[in-house]
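Structural features, examined
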Amino acid sequence: MFLGARKLGHMSAAPVEESERRSGPLLDHLARRMRLRSESVLAPLGLRPRHLVALTVLRDAGGISQQALAGTLQIDSTNVVGLLNDLEADGLAERRRSPEDRRRHEVRLTDAGTKRLREAECALAGAEEEVLGALAPGERALLYDLLRRATQGRSSTCGEVIAEGGPGAC
């Protein structure tokens, strides 16, 4: 896939064997396929992927401050306001002043939000079935476990990996 020695900025990378496989392009392709399919099954439910993520966080947290939601979603507080406006307009989430600190808003999933999230998860299961249909159930479970572990890992630069005596090439 990538042949010969390459220079990356001031670092030179070791030669990469022609037979060596890289996951990045495959993950990118699979993510694009999954994103397109997901968007198409969420649209009839009046949801976008960002809505789904927010609803999932709200369900899992059982309620959270607006500021903590912004932090969890890693989005600007202005953008979380727009996101919550969308969810509130559809009756899927509600914001209330915190009884402990009136300056703070607590956000909760409504019953309608819980129902819509369940519908979305069912629709997404079908989309995932289409995209990952070539994998056996055990392979899907393994893929999930590996992806989960990879997302929880510490990211390192190529230089850090080499400095720590890791793989010879990045």
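Note that residues are indexed from 1 along each chain, following the sequence as it is written. Since the coordinates come from a predicted model, pLDDT governs what is reported: local features require at least 70, and pairs of side-chain atoms require 80 or more to be given and counted, while whole-chain, interface and lining totals use all residues. To get the side-chain values, all heavy atoms of the structure are used, and hydrogens and water are removed first.

As recorded in an unreviewed UniProt entry, the protein chain goes by the name DNA-binding transcriptional regulator, MarR family, listed as coming from Micromonospora tulbaghiae.

Attention now moves to the layout of surface pockets. Of the voids in this model, the largest pocket is the one considered here, and its volume is about 1,000 Å³. Cavity: a set of points on a 1 Å grid over the protein atoms alone where a 1.4 Å probe fits but cannot get out. Pocket: an open set with protein on both sides within 12 Å along at least five of seven lines, its lining residues, like those of a cavity, having an atom within 4 Å of a point. Lining the largest pocket are 23 residues, with Met34, Glu128, Tyr144, Leu147 and Thr151 positioned closest to its centre. Put simply, DSSP H or I for four residues or longer makes a helix, DSSP E for two residues or longer makes a strand, and each gets a number counted from the N terminus. Those elements giving two or more residues to the lining of the largest pocket turn out to be α1 (24-42), α2 (49-61), α5 (111-131) and α6 (137-152). Among the elements that make up the lining of the largest pocket, the one with the highest residue count is α6 (seven residues). When residues are sorted by character, Ala, Val, Leu, Ile, Met, Phe, Trp, Tyr, Cys and Pro go into the nonpolar class, Asp, Glu, Lys and Arg into the charged class, and all the rest, Gly among them, into the polar class. By residue class, the composition of the lining of the largest pocket is 15 nonpolar, four polar and four charged. Grid points are joined across faces, edges and corners, and a volume is the space filled by probe spheres set on the points. Of the volumes computed, that of the second largest pocket is approximately 310 Å³. The wall of the second largest pocket is formed by 13 residues, among which Leu26, Leu27, Leu30, Leu143 and Leu147 lie closest to the centre. When contributions to the lining of the second largest pocket are tallied by element, the ones reaching two or more residues are α1 and α6. Here the lining of the second largest pocket is built from residues that sort into eleven nonpolar, one polar and one charged.

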